[in-house]
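Residue-level listing of the chains:
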Amino acid sequence: MRIISFAHRFRNWLFPNDESFPTVDSADYNRPTVLFITSIVFYCIYLLAMQPEWVLGGEMWAEMATNYYPNSTASSIAVKFFSTDAGYIPLPQRILAFIGSSLNLPATSIPYFYTWSAILATGIMVGAFCLRPFRVLVKSDFLRFWAAIAVLMLADFGTRTFINFTYFSAFLVAVVTALALVERSHEVPRWSWFVPIFMLSKPAVLSVLPAMILVAFVGKTRFRLITIVSSILGLAQLIRMAFSHSAGTMHWVSKSDFTLIDKLIASIKYFVGLLGAFFAGRLPVELYQPMWFGLLLLVVCVYILMRRRTHSGALILVGLSILFFSVLLNVFALSNFWSPNMERLVSPPEVTPSLGFRMYRHSMVGYCGVILVVVGMISAVVNQNQGRFYSAIPGVAPTLFLVWFYISGWFSFAGTLNRTPDFPRLNNSQWQNMASVIDSGAAVCVPTEPITWLFRRNCSRLAPIGPSHNLYVDDFNRSHYFQPLPVSGISSSVDLPVQEVSDNRALLALAVFVKPITAQAMDANAQADIVMKDGSTKYLLGSRELPSEGGLLMLSSKVPISINEIREITLSIDRPVELAYLSNDPIVMWMGN
């Protein structure tokens, strides 16, 4: 009880309950709802403009096809809702996949349903900050609106996909937590009961849980109950991850020789450095030192919290909290990438392409935290600093935020970050072409995005690709090369090496990676002439519109072909193309059963 009493006294001192909230007319009363809807519409239009090939293409990305779709049709409820992905439970995605399965959507519609449900859910989660209850934190409706837009604009392609969109939920949980910290008159909104669901989501979302637990000591009843449920589910997620780690299924967790002290020190340094780096944005690192700049900002934050003592300060506290705990999680779970050597902070990406400070899913929660810090600082200085001349000028707070967002370079960088990726990350999926076979229940292998990912039903890859069995995007970019095929007229052809397997497997399809010699998109028709050891000939056929940067070309047969009975294979394509090679051999995906 003494702890709770002290927490209340500290909250009452840091966030006095004497802030004035002017009466608003009907237009202002409805404005938060209008801005909430506008943020969702903006996000949809933004992705239509930036990634039309993807959001309108109807293809599947990674675990969308290999995990969520097949598990959504399982007979077991436990599998439908609680099966793992990379060792953790992604309940929100499971629920959406279950809805798609319950609607009995055809395979051709599933990618659209997954992609657009993720887009709409993201817009709702982030846009909720525009709603009326959050005026207690930030009086300016437009400042909250532009903060939501800044979060929606800054995320890479992978973070926005169906399998990763719940990273954005950390922003929603954070603002609800900040609201609970200062709200004395009302409970948090009823829709806040969605918060616990996100504890069974991306492990990064657990970064908000420490702030929730601390705020629960002073929050009202509903938030306390939400925190209790969230803590139970968060603990369940951690236990599930511990079992997965012991079973070796959490391949993304790094093993390192760094000590506990090394990692704790690195977490503090990343916290301070990323605070400065996120605030400075895309400014050249030569113009500032992230560590010193972050330390300066931390001092400014403490000054504003202690001297201004406004409700907006709750955003600063919660923002700093999720930044710290997100980097703490990254340093401990991803030590090879977020190491005490500080590669993620001090190595420019152009020097170390796989390292360096960059925006991607593991830095997304930290970015959301810094956005809340910036909004809290601006609101505390402007909107809740009555008596100053600038506090009476309409639009000062959102204008200052937009100026920061532009000068920092985040605004222009968003255009680069959000472009649709090229081959080999995209242009591989054959989902739409093979949707009828998927619906039929027949044995099938369907290439999806990114390169070498497969949806499999009674079918598998017959042989490894590359030294690590699978050929990932980074491996492909690092090791592959394209070589023009011999041309006769306008057609290309090449003899493919016959793949040897230890047992008698049947070939159903093969895929190669090609691109036009002319660097212009074109329609390509391909045929593989397969000469058997008994002298007979069988054929694999395939066609597609080949993008200028290249893509996967799949050839298939309705009749299984015994792979050990094949004597030779000649691939012919009716256009001049280049074929991808690895270690002097054509890169070929052999698929069958």
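Residues numbered from 1 in each chain as written. Predicted model: local features only at pLDDT ≥ 70, side-chain atom pairs only at ≥ 80, totals over all residues. Heavy atoms only, no water.

### Observations regarding the overall build of the protein
Part 1 of the argument: A count of helices and strands for the protein gives 21 helices and 14 strands.
Part 2 of the argument: In terms of overall dimensions, the protein is globule-like: its C-alpha atoms have a radius of gyration of 27 Å, near the 25 Å expected for 593 residues.
Part 3 of the argument: Counting only C-alpha atoms and orienting by the principal axes, one finds that the protein spans roughly 90 × 55 × 50 Å.
Part 4 of the argument: Looking at the 593 residues of the protein, the share that counts as buried comes to 55%.
Part 5 of the argument: Here the contacts in the protein between residues at least 6 apart in sequence split such that 75% fall between residues at least 24 apart.
Part 6 of the argument: For the protein, the exposed surface amounts to about 25500 Å²; the carbon and sulfur share of it is 61%. (Helix = DSSP H or I, 4+ residues; strand = E, 2+ residues; numbered from the N terminus. Rg over C-alpha atoms; globule rule 2.2 N^0.38 Å. Buried < 20%, exposed > 50% of the residue type's maximum accessible area, 1.4 Å probe, protein only. Contact = heavy atoms within 4.5 Å. Areas by Shrake-Rupley, 256 points an atom, 1.4 Å probe, with all protein chains shown as cover.)

### Some words on the side chain of T166
Part 1 of the argument: Along the polypeptide, T166 turns up in the loop between α9 (157–160) and α10 (169–182).
Part 2 of the argument: Overall, the relative accessible area of 0% leaves T166 in the buried class.
Part 3 of the argument: There is a polar contact of 2.7 Å between the side chain of T166 and the side chain of S201.
Part 4 of the argument: Beyond its immediate sequence surroundings of up to four residues, T166 is in contact with P92, Q93, F198, S201, K202 and V205. (Polar contact = N/O pair within 3.5 Å; in protein donor to acceptor, adjacent residues only side chain to side chain.)

### Considering a nonpolar patch on the surface
Part 1 of the argument: Taken together, F6, F10, W13, V302 and M306 make up a surface patch of nonpolar side chains, about 500 Å² in accessible area.
Part 2 of the argument: Those elements giving two or more residues to the nonpolar patch turn out to be α1 (2–14) and α14 (290–307).
Part 3 of the argument: Topologically, V302 is positioned in helix α14. (Patch = residues over 30% accessible without salt bridge, like charges linked within 9 Å, V, L, I, M, F, W, Y side chains within 5 Å. Salt bridge = Lys/Arg side-chain N within 4 Å of Asp/Glu carboxyl O.)

### Digging into the environment of I45
Part 1 of the argument: Note on placement: I45 falls in helix α2 (residues 26–50).
Part 2 of the argument: Under the relative-accessibility criterion, I45 is labelled exposed at 51%.
Part 3 of the argument: Remark: the alpha-carbon pair of I45 and A121, spanning 76 residues in sequence, is separated by 14 Å.

### Quick notes on the nonpolar core
Generally speaking, a soluble globular protein has its nonpolar side chains buried in company with each other.
Part 1 of the argument: Counting 159 residues, the largest nonpolar core has L154, Y367, I371 and F401 as its most contacted members.
Part 2 of the argument: It is helix α17 (residues 361–381) that provides the largest number of residues to this core, a total of 13 residues.
Part 3 of the argument: What F401 contacts, discounting residues up to four positions off in sequence, is L143, W146, A147, A150, I371, V374, V375 and I378.
Part 4 of the argument: By size, the runner-up hydrophobic cluster in this structure holds 31 residues, among which are V512, A524, V577 and L579. (Core = buried A, V, L, I, M, F, W, Y, C linked by side-chain atoms within 4.5 Å.)

### Observations concerning α1
Part 1 of the argument: The end-to-end C-alpha distance of α1 is 18 Å, a good match for the 18 Å that 13 residues give at a rise of 1.5 Å each.
Part 2 of the argument: On its buried face, α1 sits against α10, α14 and α15 (313–333). (Expected span 1.5 Å × (residues − 1).)

### Things to note about the state of the cysteines
Part 1 of the argument: Going through the model one piece at a time under the given rule, you end up with one disulfide.
Part 2 of the argument: Paired through a disulfide, C445 and C459 show a sulfur-sulfur distance of 2.0 Å. One disulfide, between C445 and C459, carries an S-S torsion of -115° and so falls in the left-handed class. One end of the pair, C445, is in strand β1 (residues 444–448); the other, C459, is in the loop between β2 (453–457) and β3 (460–461), with 14 residues separating them in the sequence.
Part 3 of the argument: Here C459 falls in the buried class, since its relative accessible area comes to 9%.
Part 4 of the argument: Among the cysteines around C301, which has no disulfide bond, C368 carries the closest sulfur, lying 16 Å off. (Disulfide = S-S within 2.5 Å.)

### Comments concerning the pattern of salt bridges
Part 1 of the argument: One pass over the full model with this rule turns up six salt bridges.
Part 2 of the argument: Between D28 and R31 there is a salt bridge, and its shortest N-O distance comes to 3.0 Å. Highlighted residues: D28 and R31, both in helix α2, separated by three residues, approximately one helical turn.
Part 3 of the argument: Between D141 and R144 there is a salt bridge, with the nearest N and O atoms lying 2.9 Å from each other. In this pair, D141 and R144 are both assigned in helix α8 (residues 141–153), three residues apart and thus about one turn of the helix distant. Exposure class is identical for D141 and R144. Each is buried.
Part 4 of the argument: Shared partners join several salt bridges into a network, and the residues in it are D28, R31, R135, D141 and R144.

### Section: the packing of helix α4 (residues 63–72) against helix α6 (residues 91–102)
Pairs of packed helices are described in terms of their axes, by the angle between the two and the distance that separates them.
Part 1 of the argument: Axis separation between α4 and α6 bottoms out at 8 Å; the angle between their running directions is 55°. Taken together, the axes of α4 and α6 are oblique relative to one another. Here the hand of the crossing between α4 and α6 comes out right-handed. Seen from α4, the contacting residues are N67, Y68, N71 and S72; seen from α6, they are Q93, R94, A97, F98 and S101.
Part 2 of the argument: In terms of residue class, the contact of α4 with α6 is built from three nonpolar, five polar and one charged. (Axes fitted to C-alpha atoms, helices over the stretch in contact; angles between N-to-C directions. Parallel < 35°, antiparallel > 145°, perpendicular 65-115°, else oblique. Left-handed = near helix turned anticlockwise from the far one by under 90°. Nonpolar A, V, L, I, M, F, W, Y, C, P; charged D, E, K, R; others polar.)

### What about the environment of L546?
Part 1 of the argument: Tracing the backbone through its elements, the reader meets L546 in strand β9 (residues 537–546).
Part 2 of the argument: Overall, the relative accessible area of 0% leaves L546 in the buried class.
Part 3 of the argument: On a C-alpha basis, the gap between L546 and M306 in space is 61 Å, while along the polypeptide they are 240 residues apart.
Part 4 of the argument: If sequence neighbours within four positions are ignored, L546 has contacts with V514, K515, P516, Q520, A521, M522, G551 and V577.

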